[in-house]
Amino acid sequence: VPVWLTDVEYRTLSAACERMIPGGDAPGAVSAGVPDYVDGLLGAFAFDPPRIWAGGAFSGRHGGGGGFGSFTTLGPLEELAWRMRIEGSGGMPEREFNGPVVGWQEQYRRGLAALGEDFADRDVDEQDRRLDADPEFSALLYEHCCEGMYGAPEYGGNRDGAGWAAARFAGDVQPRGWSDDEVAAP
Amino acid sequence: MTVDAVVVGSGPGGSTAAEILTRAGWSVTIVEKGRNRLLDTSDPGMLGTDFSNDELKFVHRHFLGPDPLVEPRTFRSSDADGAHVLVGEVNSIPSTVGGGGVHADGKVPRFREEDFSLLDTFGPVEGADVADWPVDYGELEPFYAEAERLVGVAGDAGANPFAAWRSGPYPMAPGAPMYGALRSSAAAERVGLHPYAAPTAVNSVPYGGRPACNNCGFCAFFGCPIHAKGDPVAMLQRALSSGRAELLPETFACRVVTDGRRATGVEVVASDGTRRTIGAGAVVLAAGAVETPRLLLLSGHDHPLVGRYLMTHYQTIAFGVFAEDLHAERGRAVTHVHDDAVVVDDAARAAAAAAGLPWLRGGMVEHGGTGLVVAEAKRYPRGRRHTKLMASSPMRRHLWALTMQGEDLPQRSNAVDLDPTVRDARGFPVARVTYRPHRHELAASAHHRSRLVRLLEEMGATATGVSTSPAAPGELGWTGPASSAPDSHHVMGTTRMGRDPRHAVVDGFGRLHGLDNVVVADSSVFVTSAGYGPTLTLVALAARAAAALAGAL
């Protein structure tokens, strides 16, 4: 069940994410959980603490405790910044000290609506045409897809490290790190 | 309540000043506008656990601040651009306890002897105000040595034939060399250059109660999860452990309060918006070369040169793509550098003459790669090409880059002032950066880039390219006026140091001319930029300024 998007929006989002990072020999955006990353970002403030910054110091994947899953708290200014970025300014004077801010939620709501409720059922050429018609939204979505694909799994994407495996990237490595030989040798 | 000194900013400069002052018996309050992720202020032996190998958090989600939505800066290249062409992130150094030391990858070279006397050594340059420093290398050397001990620097004395003289060895030997750096260093030697193990503020052995680095690779842009980095944690630990210092995070200094002749304290805004004044016998400003002049301007300090002579480093980045996996994600981000481009040789003199300049100087060249996989992904196009490029990875696993930190000449028109309309979330005018490179920087970049490319070809690059920061028209990365904002975090020069109050904002010990119980202890005081990262030099100057303030010189 999506955290913030409607089911219809989530379906459109999933199809759009798959056009950004298509599956094939390697897993694509959908099987790596990228739509969940995006939905989780838009709904970050549905959680306490908000799912903005994963905790530290270690994930547990290479020893140490599993701290990434406990998200860090936000200070007042940090919460203001992230609410402005995600929710927008919504006419609130305390968020409009430099004018109105359109948040990601509104950009996604509009952008997904413009792709059409039938987007997921169209062929890929038609899907690409619709994405190309809104370059600003496509650019935002692509950035988030990259984050969801190759960011730490605790943010909801990169399921089972699928993105890191495709990129042949070890991910976080603390507290193991690398030996001096692993650094210096080919 | 009155303390002996309020220190504004907890980065390398402020932390150093706090340690020196508490050591002299002073009571110190350190105010820091960012959050504290570094250590437990009530038990400074306990280090924070929020730093992690997490690219989203540190590179894409502003974890170390400042967040450009609530604390933006603005940029323009000259008056002709109007009020500004960019609102957002401009030269942002972390706004967090530890400041820029937290995200730096810890390259901490000293300057060379001639860096303090460019006017005397090489002469003036039209369109710039090249000047000599009121302090020379010999006076600063003991403080460089102390700075290396305070921070904890690993290096190899004698490895760099162009280095200034030094009174002793580095506190630690260099850490593990990166494979790519061994390859590029060997190629550099074959083309007649002099690479060496970079002096690095990262523990190669346990030092100062903190562990040796384990090569995780999340160094540049990240806080160190195991605290092996010589960010200012060591200085803050010692200052706080003295019992004479307190650290107030999330506390914004909005005004230096004076009685007309002397500073009497600092007005601060807490995170809940309440304001109060902390009374002080002296004030140390160490908010960085953008925020320090901003605070002086917000305070109504009327010296006409406050904010002027902003310098950054004009970065020339030559990159090569290699058949082999260079695994730059392992190790300390940059383990080798060379200084040949700092030296004015016959070829540099000829290039200067051809460009109509009396001389030109480049800067230290860093050999490195990248392990930022999300940033790599964002550079590629979407669709099928994305997955192919991520698998072949020309911009990460098979990339090696040489970054020259080019000397940037001081120009009066390059400045920090208060933006006429843009405010931060607290309601204060933000810093506006007006910056345009001098033709010296462009000529030096043009001269040295071919040598960088030749080195990459000697190393075996199958393709090469060059970009600059700031981008210039016609260069890779130029997308219009906003792309001409420099994104180097090396910022210097906005409260220039000098003996003559008509030509300088502070004296040779960082004291404001006309308000001498206010001391600037960051890179704002730099007279020229040299071709080296500013951190160690600003720490040495802060140590010297604090010792003078405490009457210990």
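Residues numbered from 1 in each chain as written. Chains lettered and ligands numbered in written order. Predicted model: local features only at pLDDT ≥ 70, side-chain atom pairs only at ≥ 80, totals over all residues. Heavy atoms only, no water.

1. Focus on the overall build of chain A
- On a plain count of helices and strands, chain A comes out with 8 helices and 0 strands.
- Helices and strands appear in chain A in the N-to-C order α-α-α-α-α-α-α-α.
- Expressed as lengths along the three principal axes of its C-alpha atoms, the size of chain A is roughly 50 × 45 × 30 Å.
- Residue burial in chain A is summarised as follows: out of 186 residues, 52% are buried.
- For chain A, the distance from the average site of its 15 positive side-chain charges to the average site of its 31 negative ones is 2 Å. (Helix = DSSP H or I, 4+ residues; strand = E, 2+ residues; numbered from the N terminus. Buried < 20%, exposed > 50% of the residue type's maximum accessible area, 1.4 Å probe, protein only. Lys, Arg positive; Asp, Glu negative; His and termini not counted. Charge placed at Lys NZ, Arg CZ, Asp CG, Glu CD.)

2. Brief notes about empty space enclosed by the protein
Residues and elements named next belong to chain B.
- In this structure the tally under the stated criterion is 4 cavities of 30 Å³ or more.
- Lining the largest cavity we find 15 residues, and of these Cys213, Cys216, Phe218, Cys219 and Cys224 sit closest to its centre.
- Along the lines of polarity and charge, the residues of the lining of the largest cavity split into 8 nonpolar, 5 polar and 2 charged.
- Put simply, the second largest cavity is a space of about 70 Å³.
- Split into classes, the residues belonging to the lining of the second largest cavity amount to 7 nonpolar, 2 polar and 2 charged. (1 Å grid on protein atoms, 1.4 Å probe; cavity = no way out; pocket = protein on both sides within 12 Å on 5 of 7 lines; lining within 4 Å. Points joined across faces, edges and corners; volume = space filled by probe spheres on them. Nonpolar A, V, L, I, M, F, W, Y, C, P; charged D, E, K, R; others polar.)

3. So, the sheet that holds strand E3 (residues 73-76) of chain B
Residue and element names in this part refer to chain B.
- Taken together, the 4 strands give an open sheet; going across it, the order is E4-E3-E15-E14, and neighbouring strands pair in mixed fashion. Looking at strand neighbours, the two that pair on one side only are strand E4 (86-88) and strand E14 (415-423), the edges of this open sheet. For this sheet, the mean inter-axis angle between neighbouring strands, taken without regard to orientation, is 30°.
- With 3 bridges connecting them, E3 and strand E15 (residues 429-434) associate as parallel partners. What sits directly across from Thr74, in E15, is Arg432.
- Sheet contacts for helix H8 (residues 291-298): E3, E14 and E15; angle to E14, the most-contacted strand, approximately 65°. (Pairing = 2+ DSSP bridges. Axes fitted to C-alpha atoms, helices over the stretch in contact; angles between N-to-C directions. Contact = heavy atoms within 4.5 Å.)

4. Thoughts on the sheet that holds strand E11 (residues 334-338) of chain B
All names here are of chain B.
- Overall, antiparallel pairing links the 6 strands, which are arranged E5-E11-E12-E13-E10-E16 in an open sheet. Taken across any chain shown, the strands that pair with only one partner, and hence form the sheet edges, are strand E5 (195-197) and strand E16 (463-469). With direction set aside, neighbouring strand axes in the sheet form an average angle of 25°.
- Across 7 bridges, the pairing between strand E10 (residues 314-321) and E16 is antiparallel. Bridge pairing in E16 places Ile317 opposite Ser467.
- This element, helix H12 (residues 439-459), spans E10, E11, strand E12 (365-368), strand E13 (399-406) and E16 of the sheet and lies at about 20° to E10.

5. Comments concerning the pairing of strand E8 (residues 263-269) of chain B
All names here are of chain B.
- Burial runs high along E8: 6 of the 7 residues are buried.
- Inspection of the sheet shows strand E7 (residues 252-258) paired to E8 by 6 bridges, in the antiparallel sense. In the sheet register, Phe252 faces E8, and the bridge partner there is Val269.
- Counting the residues that bridge the hairpin from E7 to E8 gives 4 residues, and of these Gly260 lies at a positive phi of roughly 100°.
- Two successive antiparallel strands, E8 and strand E9 (residues 275-285), enclose a turn made up of 5 residues, where Gly273 displays a positive phi of approximately 90°.

6. Some details on the nonpolar core
- A:Tyr108, A:Leu141, A:Tyr150, B:Trp133, B:Leu285, B:Trp400 and B:Phe526 are the most contacted members of the largest nonpolar core, which has 177 residues in total.
- Ranked by residue count, the leading element in this core is helix H13 (residues 535-549) of chain B, at 11 residues. (Core = buried A, V, L, I, M, F, W, Y, C linked by side-chain atoms within 4.5 Å.)

7. With respect to the confidence of the model for chain B
- Scored by pLDDT, chain B has a mean of 96; 100% of the residues are at 70 or more.
- Across the interfaces of the predicted complex, the ipTM metric reaches 0.98, alongside a pTM of 0.98. (pLDDT = per-residue confidence, 0-100.)

8. Some remarks on the pattern of salt bridges
- Within this structure, the stated rule accounts for 55 salt bridges over all chains.
- Where A:Asp132 meets B:Arg382, a salt bridge forms, and the shortest distance between an N and an O atom there is 2.3 Å. Placement of the pair is A:Asp132 in helix H5 (residues 124-132) and B:Arg382 in the loop between helix H10 (373-379) and helix H11 (384-392), with the two residues belonging to separate chains.
- For B:Arg382, a relative accessible area of 24% corresponds to the partly exposed category. (Salt bridge = Lys/Arg side-chain N within 4 Å of Asp/Glu carboxyl O.)

9. Examining the state of the cysteines
Residue and element names in this part refer to chain B.
- Applying the stated criterion to the full structure yields 0 disulfides over all chains.
- The thiol of Cys213 is not disulfide-bonded; the next cysteine sulfur, from Cys219, is found 6.1 Å away.
- Cysteine Cys224 is unpaired, with the sulfur of Cys216 as its nearest cysteine sulfur at 6.3 Å.
- The class of Cys224 is buried, set by a relative accessible area of 9%. (Disulfide = S-S within 2.5 Å.)

10. Some details on the side chain of B:Thr22
Residue and element names in this part refer to chain B.
- Positionally, Thr22 belongs in helix H1 (residues 12-23).
- What makes Thr22 buried here is its relative accessible area of 1%.
- Every residue in contact with Thr22, bar those within four places of it in the chain, is listed here: Val28, Ala239, Ser242, Arg244 and Ala245.

11. Some details on the interface of chain B and chain A
- Counting from both sides, the interface comprises 60 residues of chain B and, opposite them, 62 residues of chain A.
- Taken together, the two surfaces of chain B and chain A that pack against each other cover about 5000 Å², and 56% of this comes from carbon and sulfur.
- On the chain B side of the contact with chain A, B:Arg61, B:Leu69 and B:Arg382 bury the most area, a combined 17% of that side's loss.
- At the junction of chain B and chain A, the tally comes to 7 salt bridges.
- Two residues, A:Glu147 and B:Lys378, come together in a salt bridge whose shortest N-O distance is 2.6 Å.
- Seen at the junction of chain B and chain A, the total is 32 residue pairs in polar contact (both at pLDDT 80 or more).
- Where the side of chain B that touches chain A is concerned, the elements lending two or more residues are helix H2 (55-60), helix H6 (179-190), H10, H11 and E14 of chain B.
- Here the side of chain B that touches chain A gets 5 residues from one element, more than from any other, and that element is H11(B). (Buried area = accessible area lost by both parts, 1.4 Å probe. Polar contact = N/O pair within 3.5 Å; in protein donor to acceptor, adjacent residues only side chain to side chain.)

12. Observations concerning the layout of surface pockets
- What the second largest pocket holds in volume is close to 430 Å³.
- Lining the second largest pocket we find 33 residues, and of these A:Leu77, A:Glu78, B:Lys33, B:Glu71 and B:Arg426 sit closest to its centre.
- The greatest single-element share of the lining of the second largest pocket, amounting to 5 residues, is contributed by helix H3 (residues 76-87) of chain A.
- Across the lining of the second largest pocket, the residue classes tally to 14 nonpolar, 9 polar and 10 charged.

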